[in-house]
Structures are given as structure tokens and as C-alpha cells.
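For reference, the chains in residue letters:
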Amino acid sequence: MEIKHVDWLNFLAGWSEEWADAHVHVDELSPEDAAARRGRWLGADPATEADIAAMEDRLGRAMPPSYRQFLRVSDGWRHAGGFVWKLAGTREARWHNDEMGLGEDFDEFWGEEDNPEEVRAQVGLWSRALQLDVESDITFVLLDLEDVGPDGEWAVQVWASWRAEDPERYPSFAAFMIAMHQEWHTLAPDRSSREGGPTFVNGTTRTQDAAVARARPAPWRMLLKTTRRHGR
């Protein structure tokens, strides 16, 4: 998915409105989510240029364009898709430390000589990527500083321990966020009536319902080895 431009303010404001309208069962929300629903905003205050400069100084790298643009509108985000509950802003983003010890297994698999070049290029991802997931369902959101497009965007790789697939690649942070908005719509509460509650339907949900399900890659053949090693 190639993204030329995102109007971040309108995109994020619309997403927040849709999220608030979908959550009619307020008693099921955490205090933080209840506050987000009342304020109809899933984000944070905008990051200042000083905030972004301090982040880049701390990390030793200039951030890719669409992530910087996002931060200028919201310094972090809640509920990116269905499985990432909090995305990092300027203070939480950090280099991935491979605390689950996955790098060795992935690099062995990706580095096999008969793999295509794009697969082999992923070797070292777990030791070089910027981690953006702060709270999630064991789902990693990684900005790959060595997978850079001609527009300066870093690719985003998303991997969940419970999904039998390779990481899913998005060419930019903007493409990732648009995909997560779409994913959230496929999983949104009250898409159909529940306990007599209203049905959540809008233009985006209709588009999602009409679209053909996106094809997923074949199951990752290293899953069994990794799950055995990590006791899952």
C-alpha cells in the first residue's frame, strides 16, 4: 500500500469519533478508555519540535517522515487496530531489545541461502528496529531503519506470537496506521446488534464489508520451533 499523503488531523479525528460511537457499553471500558470516549480522542497532545528533537537525540536517528508528521498531531495513540492497545510517542519509542530472544531463530530461518533477497534482508530486524508497541496482545510493531523507501519512509514490520505467519510489512508508518484503522473496523464492537444495542455502521464499515478479505501469507514454518523454545 503506497501512501502519498495523510491528512493526520482529520484522519485521526475521524477514527476517534468512530471509536467513540462504537463503544456504547461504557461500563466495559477502562478509566483511560472511558476518558478517551468522553473526549472523543484516542490520541495525546501534539508533540512539539523540541519533543521530537529530544527523541531523535535520544535514539540517535532522525525519524521517518510520516511518523514525524503523526507525532506533530498526536504524541502517541490508543487502540491501533485490534491488538495494539498503545502506540509509542516521543517518550516511549525505543530500540527493540529482543527480550523474548526471537532474533536467533528468525535470523537462522531468514538467512537460508535459498530464500529470496527480500526475505534475507530481514536478518537482524530484531536487533536494529525501533519498537513502537507499548501495550499489546504480544504484538510487535517495529520500524525497520534498514528498509527505507525512496521517500525516506521506514517500513513497519508487525509480528504477533499467536499468528502463524512471518511479520507483515507495511511500506511506511502511514500505511500501517491506515491498515490498522481498517483492521479496527473489521473487529469494531457493535458491528451487529448485541443485547439490543445499536448497530455501528458507517461508510468505512460498508467499504470493509464489501471488500474481499486480504490474502494472508502461508503459515510460517518456524512457528513450531519458536513456540517450543519459548514454552507456548
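Rules and cut-offs
- Numbering of residues begins from 1 in every chain and follows the order in which that chain's sequence is written.
- Confidence filtering applies because this is a predicted model: local features only for residues at pLDDT of at least 70, side-chain atom pairs given and counted only at 80 or more, and all residues used for totals across whole chains, interfaces and linings.
- For the side-chain quantities, the full set of heavy atoms in the structure was used; hydrogens and water were omitted.
- In this analysis an axis means a line fitted to C-alpha atoms, helices contributing only their contacting stretch, and an angle means the value between N-to-C directions, from 0 to 180 degrees.
- By the criteria applied, helices consist of DSSP H or I runs no shorter than four residues and strands consist of E runs no shorter than two, each listed in order from the N terminus.
- Angles below 35 degrees are treated as roughly parallel, those above 145 as roughly antiparallel, those between 65 and 115 as roughly perpendicular, and all remaining angles as oblique.
- Each crossing is labelled by how the near helix is turned from the far one, with a counterclockwise turn of less than a right angle marking it left-handed and a clockwise turn marking it right-handed.
- Residues count as neighbours in contact if any of their non-hydrogen atoms are within 4.5 Å of one another.
- For this scheme, ten residues count as nonpolar: Ala, Val, Leu, Ile, Met, Phe, Trp, Tyr, Cys and Pro. Four count as charged, namely Asp, Glu, Lys and Arg, and the remainder, Gly too, count as polar.
- Here, a strand pair is defined by DSSP locating no fewer than two bridges between the strands.
- We call a set of buried residues a nonpolar core when its members are Ala, Val, Leu, Ile, Met, Phe, Trp, Tyr or Cys and they connect through side-chain atoms within 4.5 Å of each other.
- The cut-offs for exposure are 20% and 50% of the maximum accessible area for each residue type, with area from a 1.4 Å probe on protein chains only; residues under the lower value are buried, those over the upper are exposed, and the others partly exposed.
- Confidence scores per residue from the predictor, reported as pLDDT, run from 0 to 100.
- Polar contact is the term for a pair of N or O atoms within 3.5 Å; when the atoms are in protein, one must be able to donate a hydrogen and the other to accept it, and sequence-neighboring residues count only if both atoms are side-chain atoms.

### Regarding the packing of helix 1 (residues 8–22) against helix 8 (residues 173–187)
Closest axis-to-axis distance for the helix 1/helix 8 pair is 11 Å, and the angle between their directions is 20°. Comparing their axes, helix 8 and helix 1 come out roughly parallel. Once helix 1 is placed against helix 8, the crossing between them reads as left-handed. Residues W8, F11, L12, W15, E18, W19 and A22 of helix 1 form the contact with helix 8, whose participating residues are F173, A174, M177, I178, M180, H181, W184 and H185. Tallied by class, residues from the contact of helix 1 with helix 8 come to 12 nonpolar, 2 polar and 1 charged.

### As for the sheet that holds strand 1 (residues 77–80)
In space, the 3 strands of this open sheet follow the order 1-2-5, with antiparallel pairing throughout. Lying at the two open borders of the sheet, with one neighbouring strand each, are strand 1 and strand 5 (133–136). The mean angle between the axes of side-by-side strands here comes to 25°, regardless of whether they run parallel or antiparallel.

### Overview of the nonpolar core
Formed by 44 residues in total, the largest nonpolar core has its most connected members in W8, Y67, L87, L132, F173, F176 and M177. Broken down by secondary-structure element, the contributors of at least two residues to this core are helix 1, helix 3 (49–59), helix 4 (65–73), strand 1, strand 2 (84–87), strand 6 (139–148), strand 7 (154–160) and helix 8. The biggest single contributor to this core is helix 8, with 9 residues. Setting aside its immediate chain neighbours within four residues, M177 contacts W8, F11, L12, W15, F70, W77, A80 and L87. F106, F109, L125 and W159 belong to the second-largest nonpolar core, a separate cluster that totals 11 residues.

### A look at the confidence of the model for the protein
Here the protein averages 83 in pLDDT, while 79% of its residues score no lower than 70. pLDDT under 50 marks residues 192–200. Its contacts with residues more than four places away, or in other chains, come to 19 contacts. Here residues 208–232 scores under 50 on pLDDT; set against residues more than four positions off or in separate chains, the count is 40 contacts.

### Description of the side chain of Q131
Among the structural elements, Q131 can be located in strand 4 (residues 130–131). Q131 gets classed as buried once you look at its relative accessible area, which sits at 4%. Among the polar contacts listed, one links the side chain of Q131 to the side chain of D133, at a separation of 2.8 Å. Apart from residues lying up to four places away in sequence, Q131 is in contact with A88, A93, R94, H96, F140, V141 and L142.

### So, the packing of helix 3 against helix 4
When two helices pack together, you describe them by how their axes are tilted relative to each other and by the distance separating the axes. Direction vectors running N to C along helix 3 and helix 4 enclose 135°, while the axes themselves pass 10 Å from each other. By the angle between their axes, helix 3 is oblique relative to helix 4. Here helix 3 and helix 4 pass one another in a crossing that is right-handed. Contact with helix 3, carried on its side by E49, I52, M55 and E56, involves Y67, R68, L71 and R72 of helix 4 and no other residues of that element.

### Digging into unusual backbone geometry
Positive phi outside glycine occurs at H79, with the angle close to 60°. Examined against the element boundaries, H79 turns out to sit in strand 1. Positive phi is not limited to glycine here, since D98 has a value of about 50°.

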